[in-house]
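# An overview of the molecular structure
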Amino acid sequence: MVLSVFFLHWKYQSAAIRVVQVAPMPMVNRLCGSRRLGSVRWHSCCPAALALRTKTGSSNTGHTVRIANKRLLTNSTPEVFFSGALHGDERLGPATVTELASFLCEEYGVDTQVRRLVDFRATWIMPMTNAFGYAAHRREENSMDPNRDFPYLHTRPERCMQTQTARAVNELFRRHLFQFMITFHGGMRALTYEWGSRNHMTMPQRRSTEPPDETAFREVGQAIQAAAGKTLHRRWFYPLGRINDLVYPVEGGMEDWSYAAGWEKSPTPITVCKPNTYGGYAEERTKYRRDSISTLVYLAEMDNYKTAPDNSLGHRLEIWSPSATNGHIARNLRMCLKTIEMTRPEVVVLPPSMPSSAGDGATSLSVQIYGFGCHQMTARLVAVPSSVVPGCLVGEDGGDLEQEQFQQILQKSVKMDATEGHCRGLSLWNASTPPPRVLQGAVPTGEEVCVLIAAEFDQQWARQTRPDPLVTPRSHAARGRLEERYQVKANDGPMMIKARRTKLFAVGGPIRLEATSATTMTAKDTVDQPALAISEETTMATSDPHTSLGSSIWQQARLVPTTTFVNLHPRPEEPEDVTYAQDFFSIAAISFALSIAMGCAMLLRNRQEVAIKANVKDAQTRSELAEMVGKDPI
């Protein structure tokens, strides 16, 4: 069955209000539990989604959708942006991004990796960026091309920011710090990145010069190119390259502006606009804070036809099985999901274990990890006195820690083990994924410590050959990985990036090992063996929230962590049959306690999930709209 989705698009011009109902878009099958999902009913499956009206000064245009976990959102949650249709006659983008929103909502409670994408990132979607053109089935908005209207390389200030489309995007970028973006187009097939303007071309060859973020552009581009898959001729479905080389250069393109508006010079090439249309637009809105707009942006030309045939869209199930016969929707969904993943590099920590004594009063700790949202990772297992990290609380990756505390953590940390190599990343559509990496080291006794993972990601992104202009990588995504400390604020509103090159991830709560001599008798010989007594609550709390039943308990443990006391004490010699009986009853008691703990965890989790489902009306209150949009609501 093919569903049709309708959007209501508001345009506010002075006191007049016009409501434009957009034509139906063919969609693939999708379900929410036992209910089919029609119209824009994401709230029924995804209370984290919030539909917004985006203000643009004297005018107001568009529906913008955010997909995120409201309970975990902060002012520094990494953000990614998708534009559906900057040109109204290129019809495939809105269907793709609408299906992306539905996919994230529907799979959130089913797939642990999708849950990670929603919990720790914020995905912003403008389904019909140029809604006027989409409704009229025209490229332009009132005879003005939005992708020539951005403040980049315009010689006449009155000729930019004339469209409400460009103003809506500009207002969103002023309030947010998007690390990645895909803008969907049609009319050819290519996946391209910077540069796309005449001021960054070599002459007479008319080839694009190298952007400062070339390595990051190329590596991430190759990852999303691979996610889209190949053709029947075993070639990549999307050729990858620079916009000037595969498409053509333009003035006023959204791509060049969204990459360089925060760091190239103004008024040239970053134009200060003074348009007269729609009652004008304040020139201050095209003056930007340093480094505020520095997005790694990809232009996806999806099909040779601007309106792809319905039978080329494909089916939702194709997303799980990449094939040369996949339809457009599945291919582009995988590209979007990979882009969302790359927005935040992180280490996923699986439940640790303490299997044996390592000698010298220490116990061996074993931790399995894998990298997510990255290409390359270097990770170290370290022990830090808990007095330096109270409760072992480092936040999501240590970026919010004060500089003095962060330096103390690095100075007082004891390296236990290290590893480096490729990150595993999303495995939604991969039949085989590499196993987790194992870090193992000795935890000294007699002191309460926090065990952390200290990691660096994608350091190869610093490589350059002949960058134009001659500067180091400028994008948020690269600088958050490469610079010792990177902080930047949005032009308007509270959003900021607080990142460090070395990122910290907690393995669990504080651990204390209390040791004395221990002797255990066996039938063959006598060995020194510690008796480990680890509380069940802490064992569950150290589980990865996205790979175990104890996700709610994990979140609790991060707020109120418990201390694990591992007592190493001497055992008197006992008859062999008594020892076996005690072992049997001990195992039975532990199994019973674990069963009770797991039952309580599942009950607590269900209650918290019910609490998380915010009321739809609450999600759309005036106060929240004002907070998200940055202006007083109408």
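Residues numbered from 1 in each chain as written. Predicted model: local features only at pLDDT ≥ 70, side-chain atom pairs only at ≥ 80, totals over all residues. Heavy atoms only, no water.

### As for the confidence of the model for the protein
Going by this rule: For every residue, the predictor states its confidence as a pLDDT score lying anywhere from 0 to 100. Contact criterion: two residues are considered in contact whenever any of their non-hydrogen atoms come within 4.5 Å of each other.
In the predicted model, the protein carries a mean pLDDT of 79, and 70% of its residues have values of at least 70. Here residues 1-41 is modelled with pLDDT under 50, and outside its nearest four sequence neighbours on either side it reaches 118 contacts, counting other chains as well. Per-residue pLDDT stays below 50 along residues 516-581; that stretch engages in 117 contacts with residues further than four places along the chain or on separate chains.

### A closer look at helix H1 (residues 92-107)
In an α-helix, one turn spans 3.6 residues, which is why side chains three or four residues apart end up on the same side. Counted only if it meets this: Here a strand is any run of E in DSSP of at least two residues, a helix any run of H or I of at least four, and the numbering for each starts at the N terminus. Multiplying 1.5 Å by the helix residue count minus one yields the expected span of that helix. Note on classification: 1.4 Å probe, protein chains only; a residue is buried when its accessible area is under 20% of the maximum for its type, exposed when over 50%, partly exposed between these limits.
In a regular helix each residue adds 1.5 Å, so 16 residues correspond to 22 Å; H1 covers 22 Å between its end C-alpha atoms and thus fits that length. Within H1, 16 of the 16 residues are buried, which leaves the element mostly enclosed by the surrounding structure.

### Re the state of the cysteines
What counts, and what does not: Here, a disulfide means two cysteine sulfur atoms that sit within 2.5 Å of each other.
Using the criterion set out here, one finds three disulfides in the structure. Through a disulfide, Cys160 is tied to Cys273; the S-S separation comes to 2.0 Å. Its S-S torsion of approximately -120 degrees makes the covalent link between Cys160 and Cys273 left-handed. Residue Cys160 is located in the loop between helix H3 (131-136) and helix H4 (164-175), and its partner Cys273 is located in the loop between helix H7 (254-260) and strand E16 (296-303); the two are separated by 113 residues in the primary sequence. Judged by relative accessible area, which is 1%, Cys273 ranks as buried. Between the sulfur of Cys392 and that of Cys450 lies a disulfide, 2.0 Å long from S to S. The disulfide joining Cys392 to Cys450 has a torsion of about -95 degrees about its S-S bond and is therefore left-handed.

### With respect to the pattern of salt bridges
Two side chains bearing opposite charge may form a pair once their charged atoms approach each other closely. The criterion, for reference: Between Lys or Arg on one side and Asp or Glu on the other, a salt bridge is scored when a side-chain nitrogen of the former is within 4 Å of a carboxyl oxygen of the latter.
The final tally for this structure, using the stated rule, is 30 salt bridges. Between Asp458 and Arg481 there is a salt bridge, and its shortest N-O distance comes to 2.9 Å. Taken as a pair, Asp458 in the loop between strand E23 (448-457) and helix H10 (476-482) and Arg481 in helix H10 lie far apart in primary sequence, 23 residues in all. When its relative accessible area of 1% is taken as the criterion, Asp458 is described as buried. Taking relative accessible area as the criterion, Arg481 reaches 1% and is therefore assigned buried. Connected through salt bridges with shared partners, the residues Asp89, Glu90, Arg139, Asp145, Arg148 and Lys306 form a single ionic network.

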